[in-house]
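Geometric and topological summary
The chain contents come next:
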Amino acid sequence: MEKLNEDQIHQHLEKVEGWDYYDDAIHTTFEFDNFMDAFSVMTRIALIAEKMEHHPDWHNTYATLEITLSTHDVNGLTEKDFKLAAAIEHIVGDE
């Protein structure tokens, strides 16, 4: 997997709403009604991430879920990060 350059990153960012790019990663935060809704989404994300063999860095506090995606092997972003971001957006959109 090749590291994306700045132009490629910004092109991909146009396709995933609500994600910010800084510190060689993309970041987003989701707010849910309660802990169970947040945990349910985390479980669904975990299943997809495992299938993709690409796992998020995340932090959950009650109904808030913060997610950071990057590819540690290349010290930056790859196609995998944006594919997982799109999958996450789809999962959250289904809630």
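Residues numbered from 1 in each chain as written. Predicted model: local features only at pLDDT ≥ 70, side-chain atom pairs only at ≥ 80, totals over all residues. Heavy atoms only, no water.

**Let's talk about the packing of aromatic side chains**
Here the structure, examined in full by the defined rule, presents 2 aromatic pairs. Look at F30 and F32: their rings are 6.3 Å apart centre to centre, the planes differ by 40°, and that puts the pair in the tilted class. Neither residue differs from the other here; F30 and F32 are each classed as buried. (Phe/Tyr/Trp six-rings, centres within 6.5 Å; stacked < 30°, edge-to-face > 60°. Buried < 20%, exposed > 50% of the residue type's maximum accessible area, 1.4 Å probe, protein only.)

**Observations regarding unusual backbone geometry**
Within the chain, D23 stands out as a residue other than glycine whose phi angle is a positive 55°. Looking at the secondary structure, you find D23 in the loop between β1 (20–22) and β2 (25–31). Within the chain, D24 stands out as a residue other than glycine whose phi angle is a positive 60°. Residue position: D24 is located in the loop between β1 and β2. Accessibility expressed as a relative area gives 41% for D24, which makes it partly exposed. (Helix = DSSP H or I, 4+ residues; strand = E, 2+ residues; numbered from the N terminus.)

**A look at the nonpolar core**
The biggest cluster of nonpolar side chains holds 24 residues, and the ones touching the most others in it are W19, I26, F32, I67, L69, F82 and I88. Residue assignment for this core shows that the elements contributing at least two residues are α1 (6–13), β2, α2 (35–52), β4 (64–69) and α3 (79–94). Those residues in contact with W19 that lie beyond four places of it in its chain are L13, I26, H27, T28, I67, L69, A85, I88 and E89. (Core = buried A, V, L, I, M, F, W, Y, C linked by side-chain atoms within 4.5 Å. Contact = heavy atoms within 4.5 Å.)

**Here's the deal with α1**
For α1, the complete set of buried residues consists of I9, H12 and L13. When α1 is viewed along its axis, its buried side chains cluster within an angular range of 100° and face the same direction. More than 90 degrees from the buried face of α1, the exposed residues found are D7 and Q11. Its side-chain oxygen at 3.1 Å from the backbone nitrogen of D7, N5 defines the N-terminal cap of α1. (Arc of directions from axis to C-beta. Polar contact = N/O pair within 3.5 Å; in protein donor to acceptor, adjacent residues only side chain to side chain.)

**Things to note about the environment of M1**
For M1, the position within the fold is in the segment before α1. Taking the C-alpha atoms as reference, M1 lies 8.9 Å from T71; in sequence the two are 70 residues apart.

**Digging into the pairing of β2**
Within β2, 5 of the 7 residues are buried, which leaves the element mostly enclosed by the surrounding structure. The pairing of β1 with β2 spans 3 bridges and is classified as antiparallel. Of the residues in β2, the one forming a bridge with D20 is H27. Across 6 bridges, the pairing between β2 and β4 is antiparallel. If you follow E31 over to β4, its bridge partner there is T64. (Pairing = 2+ DSSP bridges.)

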